[in-house]
Amino acid sequence: MHNVLITGGAGYIGSHVALEFLNAGYGVAVLDNFSNSDAKTVETLSELSGKVVDLHQIDIRDQAALNTLFQSHKFEGVIHCAGLKAVGESVELPLKYYDNNVTGTLCLLRAMGKANVTNIVFSSSATIYGKPQYLPMDESHPQSPINPYGNTKLMVEWILQDLENGGGAMRSAILRYFNPAGAHKSGRLGERPKGTPANLVPFISQVASGQREALNVWGNDYDTADGTGVRDYIHILDLANAHLKAFQHITAKDVSVLLNIGTGLGYSVLDVVKAFEAASGKTLAVNMSARRPGDVATYLAKVDLAQEVIGWKAKYGLKDMCEDQWRWERSDV
Ligand code: NAD
Ligand code: UFG
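Residues numbered from 1 in each chain as written. Chains lettered and ligands numbered in written order. Predicted model: local features only at pLDDT ≥ 70, side-chain atom pairs only at ≥ 80, totals over all residues. Heavy atoms only, no water.

A. Spatial organisation of the site of ligand 2. Lining the immediate environment of ligand 2, one finds 20 residues, of which Asn 199, Asn 216, Arg 231, Arg 292 and Asp 295 sit closest. Here an oxygen atom of ligand 2 and a side-chain polar atom of Asn 179 are 2.9 Å apart. For ligand 2, an oxygen atom lies 2.6 Å from a polar atom in the side chain of Asp 295. The fraction of the free accessible surface of ligand 2 (700 Å²) that becomes covered by protein chains is 89%. The element that contributes the greatest number of residues to the shell around ligand 2 is strand S8 (residues 215-218), accounting for four residues. Each residue belonging to the shell around ligand 2 can be placed in one class, and the counts come to eleven nonpolar, six polar and three charged. (Near = heavy atom within 4 Å. Polar contact = N/O pair within 3.5 Å; in protein donor to acceptor, adjacent residues only side chain to side chain. Areas by Shrake-Rupley, 256 points an atom, 1.4 Å probe, with all protein chains shown as cover. Helix = DSSP H or I, 4+ residues; strand = E, 2+ residues; numbered from the N terminus. Nonpolar A, V, L, I, M, F, W, Y, C, P; charged D, E, K, R; others polar.)

Here is the structure:
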């Protein structure tokens, strides 16, 4: 059996990726320190897939524990989703982010190297592009992150590229996600942010469920059709499938890839509000507020390369993202 290790596999993206690999017949080991997740999610993965998930509570910065794990298991590759992702916190506490996201990845890569595991899929982010120079942004768009979180993502991209350019055997799939949203169709896997959600869809979802009074729309004076920020939202199930396709491609062809993962379609904050109202049957209160520092008017992916290279294209749209998020919001998981 082909076995993969999914770091951050108890988190929002990692759990959906784990289920995608389980359903495709892979043996899946999940590694997580549960700093932003719960072991219960891994039980749900077993229930949904009907398969055993090998769980390891390890911090990716624990070199000894990682070395032991890689020596005692035979992994075909690693899907590396573990990481801290709060942009604002990264500005306040940059060293926490460099340590977790960069040092942690170095430990992982050392353990992989020692065990001769040469395939890795990495959770990068469209945030590495910084302020858009042109739209939609392709993979060659200049890279200029504007916060420490984005810097950590770009640094890891460089490390992975250096490992390959140096003539090593490492093959990577660097996936630059645009705006992940939605939940699993079962209503049993999704994202439950701790505290106030920073991201739009989880926030709207909590307004619809009555946990929050109103959505603050951060700016309605942008140069967009309705003045509110436009983003490329990508369904979590499509995103999970991109990891499987990318992994199968790099292992079968012995190559590396670097791909945007989005839909190529842009929706404004008010478009998302409308779609969520339709999905939930609720009317959502909104307050027009000042722009959020660091935000841009529009972020949009050019997605042709993923289709050309790994044969992947998003199947789901905004309606599914809102309906699936709403099902998850109302579930008691
Ligand atoms: P998440 O917080 O739900 O999942 C991350 C998981 O990694 C959590 O389960 C957390 O406990 C674990 N983790 C963090 N540090 C760890 C460490 N040192 N050792 C072991 N486990 C650790 O976040 P997510 O949304 O699932 O994001 C997954 C990855 O995708 C992250 O690397 C994130 O930066 C990246 N990403 C996310 C988005 C997004 O909008 N959600 C966008 C672009 C990129
Ligand atoms: N927004 C609001 N009100 C809110 C939350 C968000 O109006 O309460 C707006 C934002 O101003 C933006 C849009 O909704 O126009 C989307 O905001 P998110 O915070 O959901 O997403 P971002 O595009 O700001 O950031 C996300 C991830 C980052 C990642 C980035 C780039 O959170 O980690 O996409 O892909 F780096």
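B. The arrangement of the site of ligand 1 in detail. Neighbouring ligand 1 are 28 residues; Ile 13, Asp 32, Asn 36, Ser 37 and Tyr 149 lie closest to it. One of the side-chain N or O atoms of Asp 32 is found 2.6 Å from an oxygen atom in ligand 1. When ligand 1 sits alone it has 820 Å² of accessible area, and the protein chains cover 96% of it. For the shell around ligand 1, the secondary-structure elements that each account for two or more residues are helix H1 (12-23), strand S2 (27-32), strand S5 (119-125) and helix H6 (148-165). Broken down by element, the residue count for the shell around ligand 1 peaks at three residues, all from S5. Tallied by class, residues from the shell around ligand 1 come to twelve nonpolar, eleven polar and five charged.

C. Looking closely at unusual backbone geometry. Here the residue pair Leu 135 and Pro 136 is connected by a cis peptide bond, since its omega of -10 degrees sits within 30 degrees of zero. Take Pro 136: it is sitting in the loop between S5 and H6. Residue Phe 34 is not a glycine yet carries a positive backbone phi of 60 degrees. As for its position among the elements, Phe 34 is in the loop between S2 and helix H2 (40-49). Despite not being glycine, Asn 116 has its phi angle at roughly 60 degrees, a positive value. The residue Asn 116 is located in the loop between helix H5 (94-114) and S5 in this model.

D. Representation of the nonpolar core within the structure. Core analysis: the largest hydrophobic core is formed by 39 residues, its most contacted members being Ile 6, Ile 13, Phe 21, Val 28, Leu 45, Ile 79 and Ile 261. Elements with a contribution of two residues or more to this core: strand S1 (3-7), H1, S2, H2, strand S6 (171-177), helix H8 (236-253), strand S11 (257-261) and helix H10 (304-310). Looking at which element gives the most residues to this core, the answer is H8, with eight residues. Those residues in contact with Ile 79 that sit more than four places away from it in its chain are Leu 5, Ile 6, Thr 7, Val 17, Phe 21, Val 121, His 243 and Phe 247. Ranked by size, the runner-up nonpolar core spans 25 residues in total, among them Leu 69, Leu 109, Ala 115 and Val 117. (Core = buried A, V, L, I, M, F, W, Y, C linked by side-chain atoms within 4.5 Å. Buried < 20%, exposed > 50% of the residue type's maximum accessible area, 1.4 Å probe, protein only. Contact = heavy atoms within 4.5 Å.)

E. Broad picture of the packing of helix H3 (residues 63-72) against H5. Where H3 meets H5, the closest approach of the two axes is 9 Å, and the angle between their N-to-C directions is 35 degrees. Both H3 and H5 take part in a crossing whose hand is right-handed. Contact with H3, carried on its side by Gln 63, Leu 66, Asn 67, Phe 70 and Gln 71, involves Cys 107, Leu 108, Arg 110, Ala 111, Met 112 and Lys 114 of H5 and no other residues of that element. Among the residues making up the contact of H3 with H5, the classes are represented as six nonpolar, three polar and two charged. (Axes fitted to C-alpha atoms, helices over the stretch in contact; angles between N-to-C directions. Left-handed = near helix turned anticlockwise from the far one by under 90°.)

F. A look at the pairing of S5. Among the seven residues of S5, seven are classified as buried, and the element is accordingly described as predominantly covered. As paired elements, strand S4 (residues 77-80) and S5 share three bridges and run parallel to each other. Bridge pairing in S5 links His 80 to Phe 122. As paired elements, S5 and S6 share seven bridges and run parallel to each other. Within S6, the residue paired with Ser 123 across the bridge is Leu 175. You can see the chain leave S5, run along H6 and come back into S6, and the turn it takes is right-handed. (Pairing = 2+ DSSP bridges. Right-handed = clockwise from strand over helix to strand, strands pointing away.)

G. Region of interest: empty space enclosed by the protein. Inspection of the entire model under this criterion finds one cavity of 30 Å³ or more. Space inside the largest cavity adds up to approximately 30 Å³. His 80, Ala 82, Gly 83, Asn 101, Thr 105, Phe 122, Thr 152, Lys 153 and Val 156 are the residues that line the largest cavity. Those elements that provide at least two residues to the lining of the largest cavity are H5 and H6. In terms of residue count, the dominant contributor to the lining of the largest cavity is H6 (three residues). (1 Å grid on protein atoms, 1.4 Å probe; cavity = no way out; pocket = protein on both sides within 12 Å on 5 of 7 lines; lining within 4 Å. Points joined across faces, edges and corners; volume = space filled by probe spheres on them.)

H. Structural view of the side chain of Asp 232. As for its placement among the helices and strands, Asp 232 is situated in the loop between strand S9 (230-231) and strand S10 (233-235). Comment: no salt bridge for buried Asp 232; closest opposite-charge side chain is Arg 231, at 10 Å. Among the polar contacts listed, one links the side chain of Asp 232 to the backbone nitrogen of Gly 264, at a separation of 2.9 Å. Beyond its immediate chain neighbours, meaning those up to four positions away, Asp 232 contacts Phe 178, Asn 179, Gly 262, Thr 263, Gly 264, Leu 265, Tyr 299, Leu 300 and Ala 301. (Lys, Arg positive; Asp, Glu negative; His and termini not counted. Salt bridge = Lys/Arg side-chain N within 4 Å of Asp/Glu carboxyl O.)

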